[in-house]
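Take a look at the letters that make up each chain.
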Amino acid sequence: MEHTDRNEYEEHGVEQEIEKSHVSDETHQEKHNGCAKTTADPFYVRLLFTPLDFVSMAFLFITLVPIRMVAAFIALTLAWAVSFIGLTNIDQTVPVSGWRKPLQWISCFLGRICCRCCGFSVTLTGTQVSRSVAPVLVVAPHSSFFDALAIFWTGLPFIVNREENKNLLFIGKCVQFAQAIFVSRERKESREECKEEIKRRVNSKQPWEQFLIFPEGTTSNRKALMSFKPGGFLPGKPVQPVLIRYHLKHDTVSWTWDQPHGFIACFMYTMFQLRNKVELEFLPPYEPSEPEQLDPVLFASNVRREMSDALGVPLCDMSFEDIKNKYSKKKEQ
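Criteria and thresholds
Residues numbered from 1 in each chain as written. Predicted model: local features only at pLDDT ≥ 70, side-chain atom pairs only at ≥ 80, totals over all residues. Heavy atoms only, no water. Buried < 20%, exposed > 50% of the residue type's maximum accessible area, 1.4 Å probe, protein only. Helix = DSSP H or I, 4+ residues; strand = E, 2+ residues; numbered from the N terminus. Pairing = 2+ DSSP bridges. Axes fitted to C-alpha atoms, helices over the stretch in contact; angles between N-to-C directions. Phe/Tyr/Trp six-rings, centres within 6.5 Å; stacked < 30°, edge-to-face > 60°. Lys NZ or Arg CZ within 6 Å of the ring centre and 35° of its normal. pLDDT = per-residue confidence, 0-100. Contact = heavy atoms within 4.5 Å.

A. Structural detail: the pairing of strand β6 (residues 239-247). The element β6 is extensively covered by neighbouring structure, given that 7 of its 9 residues are classed as buried. With 5 bridges joining them, strand β2 (residues 136-140) and β6 adopt parallel strand pairing. Following the sheet pairing, Val138 is matched in β6 by Pro241.

Encoded structure:
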C-alpha cells in the first residue's frame, strides 16, 4: 500500500544510518549541490552493528521473526481478499460508501497489523483534524517505503501512486480499494490528469477521505528536508503538516541514494529489531494566504519551511532530477 513515489524507489540499493563520524569534506560540499545549510549528506546511510546487535538479531530471527512473517502474510492475504470483494463493480469516480466502507476500515486495520509485524510501535502526537478543516495531509520527511504506515494511522486517506503498482501481487488490489490516483510519470497527459483529479476530489463536496502526500518526491535520511513538489498544494486548500519521527537505535528504515544495502536488507534488518518506535506528529493546520492560494510553489515552500523548523533540520533544494543525476554519475565512476 504505498505509497509514495519514487523512481524514487528504483536503482537504489541504498541504505542507512548516518555514520556520526561522517561529517567530512563531502558532506560540507553539499552547499554546492543545493544543500547550503546541511551539516551531513542527506543521502548517506551506513549501518554499524555491534557483535551484541548481531546476536540479538540472530535470536529474534529464530524466535520472533517467523511468527511475525506468518502473521503479516495472513494479514496481507486477508487485506487482498477484502479489497478484491470491495472492488467488485465499484465506481472509482465517487467515494466508497455503503457496505464497502466497513471493508475499507478492515483493510486499514489489517495494514496496521502488517506494520506491527515489522516491529513498529506508533505513537500519535497532536490532533488530526477533519477533512472539512484540512482536506490535505502533508507528510515529511520521506525516508522509506515504511513511511506508508502513516496511511494506516491517518484513516486510509487517498494517495497518488505509480501506475505500475496497480498490478502488484496482493498490494495492488489494496491500493486500488483505497482509491489511490494512479499516474504514469512518463506520460505528460497522465500527470496532468492526476493534477486535475486531485483538485476535483479535494474541492468536491462529496465525502472523499483526506488526501495524503509525501511532497518531497524522493527519500533521504531525514537529516534535511528536500524540495516539495506542488501537486498537493494546487487546490489552494488548508493542509495539515504531519511529521514522521523514527526513534531508532539503528536507522534500518531509511532507503535512499547512498547506502550499500538494498530493499531486502532494509526490510529484514528492520524486522529483526524487537521494537521500532515511530511518532506521527500532527502540526496545526496551515491556512494559505491569498497569494499562496494562487501560487502552489509559494504555498509548498512556506509549509516546507514550517515543517523544517518543527523538525529542527535544514532545507535541501536539490530536485529529484538533481539527485538522480548526481548519484548516476557516481555509479558510472
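Having put the structure on the table, let's press on.
B. Summary view of the environment of Ile67. Tracing the sequence through the fold places Ile67 in helix α3 (residues 65-86). With 50 residues separating them along the chain, Ile67 and Cys117 place their C-alpha atoms 8.4 Å apart.

C. Region of interest: the sheet that holds strand β7 (residues 276-282). Taken together, the 5 strands give an open sheet; going across it, the order is β1-β7-β6-β2-β5, and neighbouring strands pair in mixed fashion. A strand with exactly one partner marks an edge of an open sheet, and here the two such strands are β1 (120-125) and β5 (211-213). When strand polarity is set aside, the average angle formed by the axes of neighbouring strands in this sheet is 25°. As paired strands, β2 and β5 are joined by 3 bridges and run parallel to one another. Note that in β5 the partner of Leu137 across the bridge is Leu212.

D. Summary view of the packing of aromatic side chains. One pass over the full model with this rule turns up 19 aromatic pairs. One aromatic cluster in this structure is built from Phe120, Phe145, Phe146, Tyr246, Trp255, Phe263 and Phe267. The ring of Phe158 has Arg201 sitting right over it, with the charged end atom 4.8 Å from the ring centre.

E. Summary view of the confidence of the model for the protein. With 87% of its residues at a pLDDT of 70 or more, the protein has an overall mean of 87. Long-range and interchain partners of residues 1-33, a stretch whose pLDDT sits below 50, account for 133 contacts in this model, where long-range means more than four residues apart.

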